[in-house]
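Each chain is listed here by its residues.
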Amino acid sequence: MYDYDLLVVGSANADLVIGVERRPAAGETVLGSDLAVHPGGKGANQAVAAARLGARTALLARVGDDAHGRLLLDSQREAGVDTVGVLVGGAPTGVALITVDPSGDNSIVVSPGANGRLTPDDVRAAACLFQGSRVVSAQLEIPLESVVEVVRNLAPGSRFVLNPSPPRPLPQEVLAACDPLIVNEHEAKVILGGAAVGDAPEDWARILLAKGPRSVVVTLGARGALVASAQGVARVPSVRVEAVDTTGAGDAFTAALACRLGAGESLPDAAAYAARVGAATVLKEGAQASFPTAAELAARDGAV
């Protein structure tokens, strides 16, 4: 019997968001909207998204002993996330500087802060969380050596989901544990490195799969997604919406996918559900504030 449907190991940031008419070129200054501060970070986002969908969720992360850290803890608890694994202190809370243009696209610069102090020792000390979790999800806004330690501490029978963002080459030990590895086009090309991949996402997925993951999901924005495993490659259609702000959509997708896999759904079905969650997320501004509850998603699906 698992205590948690999902354990998220990753980052927790304060998102400092400014709307701009266009992003500045090198050496250029542009005026933007008033500054908005939201709880964010890929790890914290995934935990809130999963909890709002009804999953029993825990977060292993580190925040600073400061106002941004308290904002993040309050947001997790309000969503129903178990914060027993959130460590406090060691450095200021991480901060993400985000600009959003009128189309809803964003550019992000992250100052890791306390996220960079989430160590392999911290991961080992949380062994009870790993033993009690059906699915474990991670990203790369924490030290890579800590992600490696996550893989080494997985409980027998649990499933590991990785979104390698920001992307970097991955050790074989990590790749082999991924089920699935979830990447967008940019992340896929970084991980593939110098491999000749062509323009077809199906080719990227097959080559990524050959590098060791048990399964792969490639997200394609408005073009949907595709899934690849030993059973083959399949397309997942997109959900057509008018995006307001894409911040956090990828995190919501990953969280929803992880939850559905933990519930026993097939990878294509879980990805289709995740696409609906991601589409609902871009209809509102901000990251965590835009994540739908299960009831909101059901109501939206009924209205479409």
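Structure's up top.
Sequence order as written defines residue numbering, which begins from 1 separately in each chain. Local features are withheld for residues below a pLDDT of 70 in this predicted model, meaning they are given only at 70 or higher, and side-chain atom pairs are given and counted only at 80 or more; totals for whole chains, interfaces and linings count all residues. No hydrogens and no water enter the side-chain calculation; it runs on all heavy atoms of the structure.

Trainee: With reference to specific residues and values, describe the overall build of the chain.
Mentor: Only runs of H or I of at least four residues qualify as helices and only runs of E of at least two qualify as strands under DSSP, and these elements are numbered from the N terminus. Counting secondary structure elements, the chain contains eleven helices and 13 strands. Radius of gyration: over C-alpha atoms. The globule rule applied is 2.2 Å multiplied by the number of residues raised to the 0.38 power. At 18 Å, the chain has a C-alpha radius of gyration in line with the 19 Å of a compact globule built from 304 residues. The principal-axis extents of the C-alpha atoms in the chain amount to approximately 50 × 45 × 45 Å. Expressed as a percentage of the 304 residues in the chain, the buried residues total 53%. Taking all contacts inside the chain whose residues are at least 6 apart in sequence as the whole, residues at least 24 apart take part in 66%. With 25 positive and 33 negative side-chain charges, the chain shows a spacing of 4 Å between the two charge centroids. For every residue, the accessible area obtained with a 1.4 Å probe (protein chains only) is divided by the maximum for its type, and the residue is called buried under 20%, exposed over 50%, and partly exposed between those limits. Contacts are assigned to residue pairs with any non-hydrogen atoms lying within 4.5 Å of each other. In this count, Lys and Arg are taken as positive residues and Asp and Glu as negative ones, while His and the chain termini are left out. The atom standing in for a charge is NZ when the residue is Lys, CZ when it is Arg, CG when it is Asp and CD when it is Glu.

Trainee: Explain the pattern of salt bridges residue by residue, including any values.
Mentor: Salt bridges are defined by distance alone: a side-chain nitrogen of Lys or Arg within 4 Å of a carboxyl oxygen of Asp or Glu. Inspection of the entire model under this criterion finds 17 salt bridges. Two residues, R62 and D122, come together in a salt bridge whose shortest N-O distance is 3.2 Å. Pair noted here: R62 is in strand β4 (residues 57-63) and D122 is in helix α3 (residues 120-125), with a separation of 60 residues, a long-range link. Note on R62: relative accessible area 13%, which makes it buried. Via salt bridges that share partners, D121, R124, E149, R152 and E173 belong to a single interconnected network.

Trainee: How would you explain the sheet that holds strand β6 (residues 94-100) if you had to name every residue and give the values?
Mentor: In this analysis, strands are considered paired if DSSP registers two or more bridges between them. A sheet is described by the order of its strands in space; here four strands give the open sequence β3-β2-β6-β7, paired in mixed fashion. Edge positions in the open sheet fall to β3 (36-40) and β7 (106-111), since each of these has one partner strand only. Sheet twist, expressed as the mean angle between neighbouring strand axes with direction ignored, is 25°. Here seven bridges tie strand β2 (residues 13-19) to β6, and the two strands are oriented parallel to one another. The residue bridging G19 from the neighbouring strand is V100, located in β6. To get an axis, a line is fitted to the C-alpha atoms, and for a helix only the part in contact is used. The angle between two axes follows their N-to-C directions and goes from 0 to 180 degrees.

Trainee: Please give an account of empty space enclosed by the protein that cites residues and values.
Mentor: Grid points spaced at 1 Å over the protein atoms alone were grouped into cavities, where a 1.4 Å probe fits but cannot get out, and pockets, open sets with protein on both sides within 12 Å along at least five of seven lines, with lining residues defined by an atom within 4 Å of a point. Grid points are joined across faces, edges and corners, and a volume is the space filled by probe spheres set on the points. A full pass over the atoms with the stated rule returns one cavity of 30 Å³ or more. Estimates place the volume of the largest cavity at around 30 Å³. Lining the largest cavity are A12, A44, L59, V63, L72, L73, Q76 and V86. For the lining of the largest cavity, the secondary-structure elements that each account for two or more residues are β4 and α2 (67-79).

Trainee: Run through the environment of K211, naming residues and quoting values.
Mentor: Its place among the elements puts K211 in the loop between α8 (201-210) and β11 (215-219). Here K211 falls in the partly exposed class, since its relative accessible area comes to 31%. Measuring from C-alpha to C-alpha, the distance between K211 and I191 comes to 9.6 Å, with 20 residues separating the pair along the chain. Those residues within four positions of K211 in sequence are excluded, and the remaining contacts are Q172, L175, I191 and L192.

Trainee: Kindly report on the pairing of β6, identifying the contributing residues and their values.
Mentor: β6 sits mainly inside the fold: five of its seven residues count as buried. Where β6 lies against β7, six bridges are found, and the strand directions are antiparallel. Bridge pairing links L97 to V109 in β7. Counted between consecutive antiparallel strands, the loop separating β6 from β7 contains five residues, among which G104 sits at a positive phi close to 95°.

Trainee: So what's going on with the side chain of S165? Which residues, and what values?
Mentor: Its location among the elements puts S165 in the loop between β9 (159-162) and α6 (172-177). The residues contacting S165, other than those within four sequence positions of it, are K42, Q139, L140, E141 and E187.

Trainee: I'd love a proper account of the sheet that holds strand β8 (residues 133-138), names of residues and values included.
Mentor: Taken together, the nine strands give an open sheet; going across it, the order is β5-β4-β1-β8-β9-β10-β11-β12-β13, and neighbouring strands pair in mixed fashion. Every other strand in the sheet has two partners, leaving β5 (82-88) and β13 (232-236) as the edge strands with one partner each. In this sheet, adjacent strand axes meet at a mean angle of 15° when their direction is disregarded. Pairing analysis gives four bridges linking β8 to β9, with the strands arranged parallel. Across the sheet, residue S137 finds its bridge partner in β9, namely V161.

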